[in-house]
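Spelled out, the chains give:
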Amino acid sequence: MSTDLEQFYEIFFEESSELLADMEACLLRLDVNSPDLEDLNAIFRAAHSIKGGAGTFGFTDMTETTHMLETLLDKLRKGELEVRSEMIDAFLKAGDVIKEQLSAHRGEGQANPEAATAICEELKRLSEDANVKKVEESPVNTNASTAFVPKEKTISSTESQSKPADNIEEYTHSYCIEFSNRGINDTEIQNLFTNLKLLGALEANTSDNLDEICKLTLKTSNCEEDVWEALAFVVDPTKLTIREAVLVDKIEETNLEGKIIINENLLIGKDGITETNTTAITSDYGFFPEAPSAPKLIEDHVINENLQQPSITGTKNEGQATLSKSSSKINTAPSSSEASSIRVSVEKVDQMINLVGELVITQAMLAQTASQFDPVVFEKLHSGMNQLERNTRDLQESVMSIRMMPISFVFSRYPRVVRDLASKLSKQVELKTVGENTELDKSLIEKIADPLTHLVRNSLDHGIETPEKRIAAGKPAQGTITLRAFHQGGSIVIEVSDDGAGLNRGRILAKAIERGLSVHDGMTDQEVWSLIFEAGFSTAEAITDVSGRGVGMDVVKRNIQSLGGRIDIESIFGMGTRISIRLPLTLAILDGLSVTVGDQMFIVPLNYITESLQPRVSDIKTVSGQGKVVQVRGEYLPVIALYEIFNLRPNVTAVHEGILVILEAEGHKAALFVDDLVGQHQVVIKSLESNYRRVQGISGATIMGDGKVALILDTTALVLASQQEAA
Amino acid sequence: MAKTILAVDDSASIRQMVSFTLKNAGYEVIEAVDGQDALDKANVHAVNLVLTDINMPRMDGLKLLELLRNLSHYKTIPILMLTTESGDEIKAKGRAAGATGWLVKPFDPKRLLEVIKKVIG
């Protein structure tokens, strides 16, 4: 029977990534001065779980790193060692290394073995601070005690063979020896036993014929290496284990003296620490003799198939100590929600969304056909159609909600970014996050992370001043960067704001002139700020490795725009900067109002519509050079005539004969002049760009119920264009 | 009738692996994500063997062992603990809590089956 472990890799990778993220979050909120035991336990458990999985699936490099991490963490949570901030740094670094190893196993990127070794060393050093303390308290170090034993004893102890059992205490060590006697003949075994008896008292031996495992207990004053040497001549060293042990359970000891089979269960490494060289090869399972429903003991006790693993001789490896004391505490961490959730691949969800999209189109088509039938005669048809519409809408909403994820998935990475960067730049920065539970589409979550990281780094590097400068400016030494997310209309707004130096208008203008951009002093602040989105624009006085090369803001803007979003800057010199990103909630579906101009149908996103009206002739004015405006409730709004923009032949050209749809976007209003309103629809957005090409003023297209294509208006662009015209 | 095994582990990957292996070998498997979940499930399902991890959130394996042994119908059901530490302290603790035996993680599926077969056939 063989199980292909590879099928579980993917879930292990996902699980580990999540655990690493959890671990990092816990580490970042850990207060070095009064660490929360819950957090320490949670961090420990994360490392522990990753180690377990990595071991099972054979990712040894990860096992090693997590092991070191676990060792130190275990000491911390047991209070054997004080938490220090250098440890947090080391943990974070270790987390990064494991992350790298993980992606390397995933086939993405390269692991860096040197970094892994370095961090293992670092963790080892940190955790050994505790060892030193411990050893001072109780000097039970194996090496230390063997050093006291004079070598001469090896030769002189022939009489030990006859030594009575009650003298056993005279020996300083007790070793459990296991080896495979495969390929060793009886004479050799006998010789071996004689040799061992020279070293001390050979207590008992059993030979499991079935598994060809020979088990001995040797009580001796010699060190492990001597025992090893005695055995290694005869026995295959890779199938040999020697474990130093003391018997802890005195009652059991007297009862079962000499029966290693049972003693084995109660053997404990001298200082509570079992060496890896033994743990790696000793029994990997067993049963407790008196336990309920334990199988017949004698033959089942230990089967040692792990012997084929290379064993490590003697004391060379004692650094990799496994702590046997761990996991004794009851861990009460916040309960996992896993029990009530399932994992589904994104492709499946996407496929479902696509299908629902098609269903919506079909439903719309049916609705349109059905509307031609007399509602009195076909009453049932109509009520059925209404029900279908409701159900389709509900279905669509719930399917869409599957893709929605809280923005905390993105926000959670920034405490680390800020922490690292702040210490690098020696600035004091506090990161606040607001509205972490705001949900947005998963695809947006993934794509927003990079631009947002860039903005946060920029804020920290260019925005927040050094503590000295801040104090001089009368501000608290610690700067604040706030990440805020909230819904507004059909959009999600993500803001990155800081209370730093703010943008310097003069410097930006000077830089723009230097770069030959066309600027003038009469530009509004908004226009000046938008200059920093020009490629290669940087006003940083010194280029740091953090930011300042001017690569980025243009890329950020492009990324946001490609998501159908918009980016705005507000800044007051000396007070701070706020950059807000406005994104559509989802990229797939849109509530729209369909309007006609001539024989063309357009969809206006409902979120931007405040009202629709038929204006009176007296409300319409023509301002010379600025086109038409309409007075709506005392406000003059520019009129956007769609037929002019798209060069269509409309049914009506006089504004008062048609319909005005009042749009509001980016704080500006405009009136969209169309022939007629058709109805409200939920439309599935199809990219015009990928099917045709980008068209100014159009954000996408959709297929209507009758199979015709309708274009979706880019309302924001239209409104802004009308504002510019008017300005 | 197929025998039922309650597999308890907070790690989804290990749980899946265990479950897959056991199901392939013809056992019924009930999965639980931690001690508390396992206890709840143990109360409503008839189980022939419990396989539990030790280090878990909410309720660890040792506590689970203890509580299970307090239930009349779990007095004699074999309970195996899966542990990352092969140290003896943990074994002693498991034994005190009423474990039938232990299996050291990482283990390979073959080994798991071998142990289970020894206990419940």
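Since the structure is predicted, the reported quantities are computational estimates derived from the model, not experimental observations. (Residues numbered from 1 in each chain as written. Chains lettered and ligands numbered in written order. Predicted model: local features only at pLDDT ≥ 70, side-chain atom pairs only at ≥ 80, totals over all residues. Heavy atoms only, no water.)

Attention now moves to the packing of helix 2 (residues 37–57) of chain A against helix 1 (residues 12–24) of chain B. It is the contact of helix 2 of chain A with helix 1 of chain B, at a shortest axis distance of 9 Å, that shows an interaxial angle of 40°. Here helix 1 of chain B runs oblique to helix 2 of chain A, going by the angle between their axes. Here G52(A), G53(A), T56(A) and F57(A) of helix 2 of chain A come into contact with helix 1 of chain B, specifically with S13(B), I14(B) and M17(B). Taken together, the residues that form the contact of helix 2 of chain A with helix 1 of chain B break down as three nonpolar, four polar and no charged. (Axes fitted to C-alpha atoms, helices over the stretch in contact; angles between N-to-C directions. Helix = DSSP H or I, 4+ residues; strand = E, 2+ residues; numbered from the N terminus. Parallel < 35°, antiparallel > 145°, perpendicular 65-115°, else oblique. Contact = heavy atoms within 4.5 Å. Nonpolar A, V, L, I, M, F, W, Y, C, P; charged D, E, K, R; others polar.)

Let us now look at the packing of helix 18 (residues 442–463) of chain A against helix 22 (residues 553–562) of chain A. Residues and elements named next belong to chain A. Between helix 18 and helix 22, the shortest axis-to-axis distance is 9 Å and the interhelical angle comes to 145°. For helix 18 against helix 22, the interelement crossing comes out left-handed. Of the residues in helix 22, those touching helix 18 at I448, P451, H454, L455 and N458 are M553, V556, N559 and I560. (Left-handed = near helix turned anticlockwise from the far one by under 90°.)

Attention now moves to the packing of aromatic side chains. Applying the stated criterion across every chain, the model contains 12 aromatic pairs over all chains. Ring centres of F12(A) and F59(A) lie 5.6 Å apart, and the angle between their planes is 20°; this geometry places the pair in the stacked category. One end of the pair, F12(A), is in helix 1 (residues 9–29); the other, F59(A), is in the loop between helix 2 and helix 3 (60–77), and 47 residues separate them in sequence. Each member of the aromatic cluster is reached from another via a ring pair, and the members are F8(A), Y9(A), F12(A), F13(A), F57(A), F59(A) and F20(B). One residue, R77(A), lies across the ring of F44(A), its end atom 3.7 Å from the ring centre. (Phe/Tyr/Trp six-rings, centres within 6.5 Å; stacked < 30°, edge-to-face > 60°. Lys NZ or Arg CZ within 6 Å of the ring centre and 35° of its normal.)

The next point concerns the nonpolar core. Counting residues in hydrophobic clusters, the biggest one holds 65 residues, and the most contacted among them are L69(A), F91(A), L123(A), L22(B), L51(B) and I116(B). Looking at which element gives the most residues to this core, the answer is helix 4 (residues 85–105) of chain A, with nine residues. Residues in contact with F91(A), not counting those within four places in the same chain, are L27(A), L69(A), L72(A), L73(A), L76(A) and L123(A). (Core = buried A, V, L, I, M, F, W, Y, C linked by side-chain atoms within 4.5 Å. Buried < 20%, exposed > 50% of the residue type's maximum accessible area, 1.4 Å probe, protein only.)

Residue and element names in this part refer to chain A. Across the sheet, five strands lie side by side as 11-13-14-16-15; this open sheet has mixed pairing. The strands lining the two open edges of the sheet, one partner per strand, are strand 11 (429–434) and strand 15 (566–572). Across the sheet, the axes of successive neighbouring strands diverge by a mean angle of 15°, strand direction being ignored. Of the pairings in the sheet, the one linking strand 14 (residues 491–498) to strand 16 (residues 576–584) comprises eight bridges and is antiparallel in character. Directly across from I492, in strand 16, lies its bridge partner L583. Lying over the sheet, helix 17 (residues 414–424) contacts strand 11 and strand 13 (479–488), oriented at roughly 165° with respect to strand 11. Set on the sheet, helix 22 makes contact with strand 15 and strand 16; between it and strand 15 the angle comes to about 135°. (Pairing = 2+ DSSP bridges.)

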